[in-house]
Amino acid sequence: MDRNTTIAIIVAIIATAVFGGSDIVALIRNPDGYDGPAMVPATLLLIFLLALAAFTVGRAKSVSAAGGHLENLHSRPAYHGLYAMLWVAIAGFGTFVVMDALGLSYVTSLMGEELAAQLKAGGREMLQIEQNLVLQDARRIAEGRVASAVDPLREYLAATFAEIDGTRVVAVCAASLGMAVLAFFMTFAKIGVAFRARNSSERILRTILLMAAGIAILTTVGILLSLIGETLNFTIGVLDWRIDKFLFGTTWSPLSGVHSGDMDPDKVGAVPLFVGTFMITIIAMLVAVPVGLFAAIYLSDFASKSVRAWAKPMLEILAGIPTVVYGFFAAITVAPAIRDAGAWMGVDVAAQSALAAGVVMGVMIIPFISSLSDDVINAVPQSLRDGSYGLGATKAETIRQVVLPAALPGIVSAVLLGISRAVGETMIVVMAAGQGANLTINPLEEVTTVTVQIVMLILGDTDAATAAGPAYTLGFTLFVITLALNLVALRIVRKYREAYD
Amino acid sequence: MDQTTDIKIVSRDVHVYYGENEAIKGVSLEIEDNTVTAFIGPSGCGKSTFLRCLNRMNDTIDVCRVTGDIELDGHDIYAREIDPVQLRARVGMVFQKPNPFPKSIYDNVAYGPRIHGLADSKADLDAIVEHSLRRAAIWDEVKDRLDAPGTGLSGGQQQRLCIARAIATAPEVLLMDEPCSALDPIATAQVEELIHELRENYAVVIVTHSMQQAARVSQKTAFFHLGLVLEYDETGKIFTNPDHEKTQQYITGRFG
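Below is a short write-up of the structure. These figures come from a predicted structure and were not determined experimentally. (Residues numbered from 1 in each chain as written. Chains lettered and ligands numbered in written order. Predicted model: local features only at pLDDT ≥ 70, side-chain atom pairs only at ≥ 80, totals over all residues. Heavy atoms only, no water.)

1. With respect to the overall build of chain A
Heads up, the rule is: Secondary structure follows DSSP: runs of H or I at least 4 residues long count as helices, runs of E at least 2 residues long count as strands, and numbering of each begins at the N terminus. Burial classification: accessible surface area is computed with a 1.4 Å probe over protein chains only, and a residue below 20% of its type maximum counts as buried, one above 50% as exposed, and the rest as partly exposed. Contacts between residues were defined by any pair of non-hydrogen atoms, one from each residue, lying within 4.5 Å. Areas reported as accessible are Shrake-Rupley estimates using a 1.4 Å probe. Residue values count occlusion only from the protein chains shown.
In terms of helices and strands, chain A carries 16 helices and zero strands. Classification of the 501 residues of chain A by burial places 40% in the buried group. Nonlocal contacts in chain A, meaning residues at least 24 apart in sequence, comprise 73% of its contacts between residues at least 6 apart. On chain A, roughly 26,200 Å² of surface is accessible, and the fraction owed to carbon and sulfur atoms is 68%.

Following this line, the structure appears as structure tokens:
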């Protein structure tokens, strides 16, 4: 079995090497006809297979080193294999990634110089942005894609690019393969009876986990920093430190003055947007919290097993409906229905209203609240319910006085999650609540929200760089508000939580 | 025994089924008032199941079905007009694992009186809480921290709190399902002493795996085996001169 795997892997390596090798030979013979990208997957596959082979070979060596007494090994054979495999993969793929990035930037700078030299020789001048376009086209021509224009300069550059880039690919592939092979032999030499392969490979795995966590955290920090940076830019550049104009201004029309030059700091008052956002959020939560919570209570404490078996998945299907579907459902069905109902009762309702968007958004959030609450209510131990029943409490009393208080922290976090979804929801509001920045607390009128205005700013025909300022600032303010909301709620929960063990 | 020996609970030919599985196969017992009755027997013999029939806690399990008669003071507790909720107020229960509610000590004890409307005023409720905690021999330990959460007490204190909670609804019968199995010897001794005192006011039925505990606290003992009561007699008789060979084997530790 083991021998068979080894043989299969070695055969695969040889096959790939022959294939990849012929590729390299073909390239060296005929650099112009080079068909580059095929070599990259071949190299990566080769490294992968080499890593697998390192596992098998490393394990086999440790077994033979033990000489029939596996208990003499410090680490189990699989750890020796794992150690070898991890190092080969890291050396191979790591070198590939690093070399590839470095090589690419080197090639780009070489091409820039080449272009400059060509322009100088031809006595021409070109804007930087135009140069970038030419370089991009050259690359496209070299890779056989469609370029914006084809001319002798571009074709010459394309040929140069193909030449340099071909060399780069060969260098990267050769270097990473070489490193992988080096790692293969170095780890192979290390494996022996006393070698602490388990500790070493676990250290490597721990580092990999740490890097994964680091990527998640760094990304968050990066996004946050860019938000803060753009917000500061906008605050200083457009508002000239008058943050109050943004936070307390009541007129939102940031792009009205852009064509004549600058933004008018008196027209970037975000109050209407935040009022709209919170009104719609409140309406949504008024729908979602009672319905979701009652559904959760029914599912966890009253529904029979068979009802629960189909009702819970049905509810969760609601969560799978794309918000855009809710959006046009709100715009086409609910909003007119509300308007008709209003007309019947003699109330004037706008065609697009906060009420329609809020109600549909509430329906969208129901499954989040019900599903999460159902989980936390189910997690309340049966012994607590028994204790309450044993004292002669009814089911309703037990749920209200024992189960819900015990599940409160979980329910609050479910509601918080619902609020975050409501605040961040865009599609439904774009379609059903309108885009007009009215400052109103009447849910029957058209309103707009922060997220909708961000969409309008970014998608509008204004230059993205100009529109980004208010968009980022809105995003940052929203972020700060939701963060504050979460922190406050967390404190409240901590204070009133009824912990059970 | 010197106490009055009115019959509090009578069961006749009680069968309990969990789905297809028959857990209790015809149990007839008479449980006396002001007496501690112990149920002993190997695991899975049905003693806890039978105990839970006495206050209809088995109703909360969907697949469970009970046949036969159980009478409390001569009234069938499985009769249609009996509300299990009211029954459970008369037949209190203490569980194997202490299960205080995640509330303050005071609210734990006041829970029953509040839902049954036993107190007319805050002063009444205070009095019930204090009396119940005193009765459960835990008042001195918690009187200064009635607002502290009940879950913060030690295991033995939690169990006595649960007993106080059961007493607070003024039951007539107290069912205890292995009340000391999660407790250390000192806490066990305290709870056993408490059980001894509770006998003055209540009929106490206790399920236990500890032979010594049954011998120490009970006056009557029922030996359960495979869903049947093999022997039911004075505790002294069961432990010194049992009629049944299986009983003899069980109490001397030869099986179980």
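Past the structure itself, the notes keep going.
2. With respect to the interface of chain B and chain A
Quite often, the size of an interface is put as the accessible area lost when its parts meet. Selection rule: Accessible-area loss on putting two parts together, using a 1.4 Å probe and summing over both, is the definition of buried area adopted here. Take a side-chain nitrogen of Lys or Arg and a carboxyl oxygen of Asp or Glu: if they are within 4 Å of each other, that pair is a salt bridge.
Facing the 24 residues of chain B at the interface are 21 residues of chain A. Summing both partners gives a buried area of about 1,800 Å² for chain B against chain A, and 58% of it is carried by carbon and sulfur. Counting the surface chain B buries against chain A, the share from its top three residues, P102, Y111 and I115 of chain B, is 32%. The interface formed by chain B and chain A includes zero salt bridges.

3. Regarding helix α10 (residues 323-344) of chain A
Residue and element names in this part refer to chain A. Which entries qualify depends on this criterion: Helix span is expected to be 1.5 Å times the residue number reduced by one.
Between the first and last C-alpha of α10 there are 30 Å, a value that for 22 residues agrees with the 32 Å anticipated at 1.5 Å per step. Y326, G327, A330, V334, A335, I338 and G342 are the residues of α10 that are buried. Close packing links the buried residues of α10 with α9 (305-320), α11 (354-379) and α14 (427-432). Following α10 by one or two positions, G346 has its phi on the positive side, about 80°.

4. Re the sheet that holds strand β4 (residues 64-72) of chain B
Residue and element names in this part refer to chain B. Using the following cut-off: In short, DSSP must find at least two bridges between two strands for them to pair.
Pairing is antiparallel in the open sheet, where four strands are placed in the order β2-β1-β4-β5. The sheet is open, and its two edges are formed by β2 (21-32) and β5 (75-76), each paired on a single side. The pairing of strand β1 (residues 7-18) with β4 spans eight bridges and is classified as antiparallel. Paired with H15 across the two strands is T67, which belongs to β4.

5. A word on the layout of surface pockets
As a reminder of what qualifies: Using only the protein atoms, space was sampled on a 1 Å grid; points where a 1.4 Å probe fits but cannot get out form cavities, open sets with protein on both sides within 12 Å along at least five of seven lines form pockets, and lining residues are those with an atom within 4 Å of a point. Grid points are joined across faces, edges and corners, and a volume is the space filled by probe spheres set on the points. Throughout this entry, Asp, Glu, Lys and Arg are counted as charged residues, while Ala, Val, Leu, Ile, Met, Phe, Trp, Tyr, Cys and Pro are counted as nonpolar. The remaining residues, Gly among them, count as polar.
If you add up the space inside the largest pocket, you get close to 720 Å³. The wall of the largest pocket is formed by 25 residues, among which S300, D301 and K395 of chain A together with T60 and D62 of chain B lie closest to the centre. Broken down by secondary-structure element, the contributors of at least two residues to the lining of the largest pocket are α8 (271-302), α9 and α12 (382-390) of chain A together with α2 (84-90) of chain B. Classifying every residue of the lining of the largest pocket gives nine nonpolar, six polar and ten charged.

6. Examining the sheet that holds strand β6 (residues 91-94) of chain B
Residue and element names in this part refer to chain B. In plain terms, the rule: Axis definition: a line fitted to C-alpha atoms, limited for helices to the stretch in contact. Angles are taken between N-to-C directions and run from 0 to 180 degrees.
Here we have six strands laid out as an open sheet, ordered β6-β7-β8-β3-β9-β10, and mixed in their pairing. Two strands lie at the open edges of the sheet, namely β6 and β10 (228-234), each paired on one side alone. Shown here is a sheet whose adjacent strand axes are inclined to one another by a mean of 15°, direction ignored. In terms of strand pairing, strand β3 (residues 36-40) meets strand β8 (residues 203-207) through four bridges, oriented parallel.

7. Overview of the pattern of salt bridges
Oppositely charged side chains may form a pair once their charged atoms are brought near each other. Residue and element names in this part refer to chain B. Under the criterion given, the structure shown has 23 salt bridges over all chains. E71 is paired through a salt bridge with R12; the nearest N and O atoms lie 2.8 Å apart. Here E71, found in strand β4, pairs with R12, found in strand β1; they are 59 residues apart in sequence, far enough to count as distant. With a closest N to O distance of 3.7 Å, K143 and D140 form a salt bridge.

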